[in-house]
Amino acid sequence: MTGSAALVVALACCAAAAGCSSAPVKEQARTAAIYKTAGAPQVQPPPIAAAQLAETPRVAVDPLNEPAGLLAKRSVYYDYDESGIKDQDKPLLQAHAGYLAGHRAAKIRIEGNCDERGSREYNLALGERRAEGVKDALKLLGAADTQITIVSWGEEKPKAPGHDEAAWAEDRRSDIVYESTRK
């Protein structure tokens, strides 16, 4: 392939790429100028469609599926033998309540959990108090009562292996579980 033929092929590829892009009209004019200055045959780049000139709309991503978002966090943690919500978890609950208020078809289950210390009965009751506290907070922040159910697992679903304070701290939690709304 000769040098001028390679140049024509390269410019044709540029023209095809420019025609597929959503570049504004200025970009099309700049591409046309490249055609003229390169000594290539006078070929007009393909016109940009009007639909391409408008900014491509962003696809709405459900905030529940945004890994870096606050809604990706779904556990509220507690101190030993406590069921009160800490200040650090209030923004998390506000975010979930806002989501529920804006998506009335969404339903959640709040699962209260405890560490392994304490009797089975005590831990079931404590897990229920924890889940009920989260439910009450979400309702105060705008979620509907009909969107929320609770369950206590007590010590039955530990999150972390081990029998030390680090593991127990992970186990003392309420988990917000979104249920599928598809039928």
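Please refer to the structure higher up on the page.
From a predicted model like this one, the values you see are computed outputs, not experimental measurements.

### Regarding the side chain of Asp 171
Then comes step 1: Looking at the element boundaries, Asp 171 is found in helix α6 (residues 165–171).
Then comes step 2: An unpaired buried charge is present at Asp 171: no salt bridge exists, and Arg 173, the closest side chain of opposite charge, is 4.3 Å distant.
Then comes step 3: Apart from residues lying up to four places away in sequence, Asp 171 is in contact with Asn 113, Cys 114, Asp 115, Pro 158, Lys 159 and Ala 160.

### Side note on the sheet that holds strand β4 (residues 173–179)
Then comes step 1: Taken together, the four strands give an open sheet; going across it, the order is β1-β4-β2-β3, and neighbouring strands pair in mixed fashion. Only two strands of the sheet have a single neighbouring strand rather than two, namely β1 (75–77) and β3 (148–154). Geometrically, the sheet is characterised by an average inter-axis angle of 20° between neighbouring strands, direction not taken into account.
Then comes step 2: Two strands pair when backbone bridges link them, and β1 and β4 are joined in this way by three bridges, in the antiparallel orientation. What sits directly across from Tyr 77, in β4, is Arg 173.
Then comes step 3: In the packing of helix α4 (residues 90–102) onto the sheet, contacts are made with β1, β2 (107–113) and β4, and the angle to β4 comes to roughly 20°.
Then comes step 4: The sheet contacts of helix α5 (residues 120–140) involve β1, β2, β3 and β4, and relative to β3 the element is tilted by about 155°.

### Thoughts on α5
Then comes step 1: Taking 1.5 Å as the rise per residue, α5 with 21 residues should run 30 Å; its terminal C-alpha atoms sit 30 Å apart, in good agreement.
Then comes step 2: For α5, every residue scored as buried is listed here: Asn 123, Leu 126, Gly 127, Arg 130, Ala 131, Val 134, Lys 135, Ala 137 and Leu 138.
Then comes step 3: For α5, the secondary structure elements touched by its buried residues are β1, α4, β2, β3 and β4.
Then comes step 4: Looking one or two places after α5, you find Gly 142, whose phi comes out positive at around 120°.

### Re the nonpolar core
Then comes step 1: The biggest cluster of nonpolar side chains holds 20 residues, and the ones touching the most others in it are Leu 93, Leu 100, Ile 108, Ile 110, Val 134, Leu 138 and Tyr 178.
Then comes step 2: Residue assignment for this core shows that the elements contributing at least two residues are α4, β2, α5 and β4.
Then comes step 3: Each residue touching Tyr 178, except ones within four places of it in the same chain, is listed here: Leu 64, Arg 74, His 96, Tyr 99, Leu 100, Lys 107 and Ile 108.

Rules and cut-offs
- Residues numbered from 1 in each chain as written.
- Predicted model: local features only at pLDDT ≥ 70, side-chain atom pairs only at ≥ 80, totals over all residues.
- Heavy atoms only, no water.
- Helix = DSSP H or I, 4+ residues; strand = E, 2+ residues; numbered from the N terminus.
- Buried < 20%, exposed > 50% of the residue type's maximum accessible area, 1.4 Å probe, protein only.
- Lys, Arg positive; Asp, Glu negative; His and termini not counted.
- Salt bridge = Lys/Arg side-chain N within 4 Å of Asp/Glu carboxyl O.
- Contact = heavy atoms within 4.5 Å.
- Pairing = 2+ DSSP bridges.
- Axes fitted to C-alpha atoms, helices over the stretch in contact; angles between N-to-C directions.
- Expected span 1.5 Å × (residues − 1).
- Core = buried A, V, L, I, M, F, W, Y, C linked by side-chain atoms within 4.5 Å.

In short, the description is geometric, and any link to function would need to be established separately.
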